[in-house]
Structure formats: C-alpha cells, structure tokens
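Tertiary structure, described
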Amino acid sequence: MVGLIREGPKALLVEVGSLNEIRDYLLKNQDAREYDSESVFEYAGEGSTIMVLTDSIDDVLKGGSAKTRLVIKEEPDIVMARIINEGKTGLIRKIRISSRTIFMRAMGDMDKIFEEIKKDYEGTEAPFMDILKSHRDDGVIVALTEKPLNRDIQLKDIYKEKGLFINEGYYDMFKELRVHGLKYLNAGMQNNEWYELEFRIFDKYGAYKKHFERLIMVLEALELGIVLGHFWSKDYPRVLLAVDVYSVKFFTFFQPKSIKRILLGLEHLEDGTRIVDYDLFYKKEKLYWRSSVEDKNERREAASKRYRKEILSRLTENEINELLALEEEILKTRK
C-alpha cells in the first residue's frame, strides 16, 4: 500500500528556572535524548515529543535561540503526567504547545501541490524550517516528502524550500487531508497516468508462495504502489510451450522501467545465485530488462547485484532481516 499522510512529532516549548536540573531529570528519568537543532526533527517520529527548553519563551518567540532540545519517545500527556506525579512541576515556569506537523507523500511539482491545497484551505507559505522555528501554538504545518511514510522521516527527506501553515484544528485538518491526499498527489504529478502492471513469477522449484511474500514485502516496505490481486496463470516462453506462473496485478505511480529495476534486483542473491524470474508486463507487452537499465552493455547479473544493493539501502534493518530469512527458506527448496 501507499501511505499518503502521517502525523509528525508533537513539540513543547518549555520555559524553566534551572535548565540543567530539568535537563538532567529528563535524560535520566524519561529516557530523553538530546540533539542539536538540525538533528532533533530527524529522531522524533510519530508518538514522540520534542521538548525545547529555554530560560525565556518570549526570547525564543522573538527570534532568539533555544538552549536545549530533547526527544522523548512518548506522547506529551504521558511526559507531563510523569513530571506531575514525580513532583517536578516546580522546575517548569511556562509551557507553550507548538503547531502540529502533517507529512504528505508527494511526487513531481511540489509547488503545484501547495497551490492545490491552498485552493481548499487558506494558508501561509514560507520555508519549512522558518515555519517550524516560529513555535506558533495554533494551526497546522503541512510538509511534503517524496519518501515512504512508513518509517521515520529525516530532515533531508522533507521539501524544505516551502511549507504551508494552515490555521485550522489539527484533527479536522488531518481527516480532510487523508480524504483528499490522492488528489494532491495527482496534482503534483500533473495528473499523469498511474500504471497498471502485471508481474509474472516463475520458479522451476515451485517456491511460489515464498517468492510472492518476498516481493510483496519489498513493494510494501518501499511503498511503491497497490496490489490489486494475485492469481495463477499461464505463460508461453516458446510456441506451444505453456508453463504455470503466479501473476500479481499492481497499480503504481512509478514508471514501469523503475519497477522493472526493483524486480531485477530481486532475481539474484548477493553471491549471484538466481532464485526466480520476475517478468513485468505493461499493456500486455513484456518489458525486457535491458531496456530498463542505464548501461546497455552491463551484464544481467551485474545489474541485478547493483539494484539489489540499492533496494537494501532503502530498507530498515528489520526489513533486511526479514528479506534474508525468506531467501534462506527459498534456498532450502533447492536441495
């Protein structure tokens, strides 16, 4: 599946009497981690709280710099409940809740996406970091990224040239954008077509279930599109020769050639062992591997190894381990 919208971390601007005392308390008792201003956003995912500590909220709001930035892997209400229950409220003078951030998956013309959102909601455009550092306590910040939303989003993944501040309630805005997310995605793509593809899996050893699981795991991890269905079918590699294949219908906004590279990268293991054939058909025409690679003189095994490396670089450690475990099970069917 393709995630189109997700929550950003929550942030609290906290004025304190003794910065070192509350900093030490949070680091020791709330499992907080300290980061600089450029890194803090990268390590705070959904369900996290960014605590910006300062000796004067007013100075920060006037453009001054905050003293300390901490990330706690808990919601703000849990963080504050612990502070109250552990008798540490005396360390805090004042708290200001910062605007919530909503991330949206985007492709193509980012400015066009913001234009379309502004047609539906009044909003103020500015560089993303400028909006973030304003520490407003109302409204919603909308940010765009081309990266999959099913993992932590780093600052480098965000379209920083522009963000959008919308003076609406967070939860109402989140529900609205979730409903219309596909419309905005299509606007950035200039309403270019989505591609309906067919993958045909062939394995002479018959490990079709494992190959299907492995393929779907990678497609979902990279959020490349939507599986429309899967079924048994026939392929005809030569005249009058029919072989059983397992077919997968796939709907994607990525070019067929880029999807073919993913399939090619999954055909071989690290040592060059070829474990499966993944054929791709678009509009009933087979897309051959050589037409999809950048270097037409490159050998198939070398291209597969290179694309496999690219795939692994985009997976999390847990996803890589899952992929390798499935490959081990597939290799057992060869014995």
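To start, this report covers the structure provided alongside it. (Residues numbered from 1 in each chain as written. Predicted model: local features only at pLDDT ≥ 70, side-chain atom pairs only at ≥ 80, totals over all residues. Heavy atoms only, no water.)

Here we look at the layout of surface pockets
When its volume is computed, the largest pocket comes out at roughly 740 Å³. For the lining of the largest pocket, the secondary-structure elements that each account for two or more residues are helix H8 (256–267) and helix H9 (300–313). The biggest single contributor to the lining of the largest pocket is H8, with 4 residues. Residues that form the lining of the largest pocket fall into these classes: 13 nonpolar, 5 polar and 13 charged. (1 Å grid on protein atoms, 1.4 Å probe; cavity = no way out; pocket = protein on both sides within 12 Å on 5 of 7 lines; lining within 4 Å. Points joined across faces, edges and corners; volume = space filled by probe spheres on them. Helix = DSSP H or I, 4+ residues; strand = E, 2+ residues; numbered from the N terminus. Nonpolar A, V, L, I, M, F, W, Y, C, P; charged D, E, K, R; others polar.)

With respect to the environment of Val 245
Tracing the backbone through its elements, the reader meets Val 245 in strand E13 (residues 241–252). According to the relative accessible area criterion, Val 245 is buried, its value standing at 1%. The sequence separation of Val 245 and Ser 291 amounts to 46 residues, and the corresponding C-alpha distance is 23 Å. In this view, Val 245 contacts Arg 200, Ile 201, Phe 202, Tyr 208, Phe 231, Trp 232, Ser 233, Lys 234 and Asp 235; residues no more than four positions away in its chain are not counted. (Buried < 20%, exposed > 50% of the residue type's maximum accessible area, 1.4 Å probe, protein only. Contact = heavy atoms within 4.5 Å.)

Re a negative patch on the surface
Together, Glu 122, Glu 168, Asp 172 and Glu 176 give the surface a local cluster of negative charge. Following the sequence through the fold, Glu 168 ends up in the loop between strand E10 (163–166) and helix H6 (170–188). (Patch = residues over 30% accessible without salt bridge, like charges linked within 9 Å, V, L, I, M, F, W, Y side chains within 5 Å. Areas by Shrake-Rupley, 256 points an atom, 1.4 Å probe, with all protein chains shown as cover. Salt bridge = Lys/Arg side-chain N within 4 Å of Asp/Glu carboxyl O. Lys, Arg positive; Asp, Glu negative; His and termini not counted. Charge placed at Lys NZ, Arg CZ, Asp CG, Glu CD.)

Some words on the nonpolar core
In this structure, Phe 199, Ile 201, Leu 215, Val 218, Leu 224, Phe 253 and Leu 280 are the most contacted members of the largest nonpolar core, which totals 41 residues. For this core, the secondary structure elements donating two or more residues are strand E11 (195–202), helix H7 (208–221), E13, H8, strand E14 (277–282), H9 and helix H10 (317–332). No other element matches H7, which puts 8 residues into this core. In this structure, Leu 215 is in contact with Phe 199, Ile 201, Leu 263, Leu 266 and Tyr 278, ignoring residues within four places of it in sequence. Leu 13, Phe 103, Phe 128 and Met 129 belong to the second largest nonpolar core, which has 21 residues in total. (Core = buried A, V, L, I, M, F, W, Y, C linked by side-chain atoms within 4.5 Å.)

Some details on the side chain of Ser 292
Looking at where Ser 292 falls in the secondary structure, it is placed in the loop between strand E15 (285–287) and H9. With a relative accessible area of 2%, Ser 292 lands in the buried category. In contact with Ser 292, not counting residues within four places along its chain, are Lys 257, Lys 260, Arg 261, Leu 287 and Tyr 307.

A word on the packing of H7 against H10
One can describe the packing of H7 onto H10 by two numbers: an axis separation of 9 Å at closest approach and a directional angle of 165 degrees. Taken together, H7 and H10 sit at an angle that is classed as roughly antiparallel. Handedness of the H7/H10 crossing: left-handed. Contacts between H7 and H10 involve Lys 210, His 211, Glu 213, Arg 214, Met 217, Val 218 and Ala 221 from the former and Glu 319, Glu 322, Leu 323, Leu 326, Glu 327, Glu 329 and Ile 330 from the latter. Per-class residue counts for the contact of H7 with H10 are 6 nonpolar, 1 polar and 7 charged. (Axes fitted to C-alpha atoms, helices over the stretch in contact; angles between N-to-C directions. Parallel < 35°, antiparallel > 145°, perpendicular 65-115°, else oblique. Left-handed = near helix turned anticlockwise from the far one by under 90°.)

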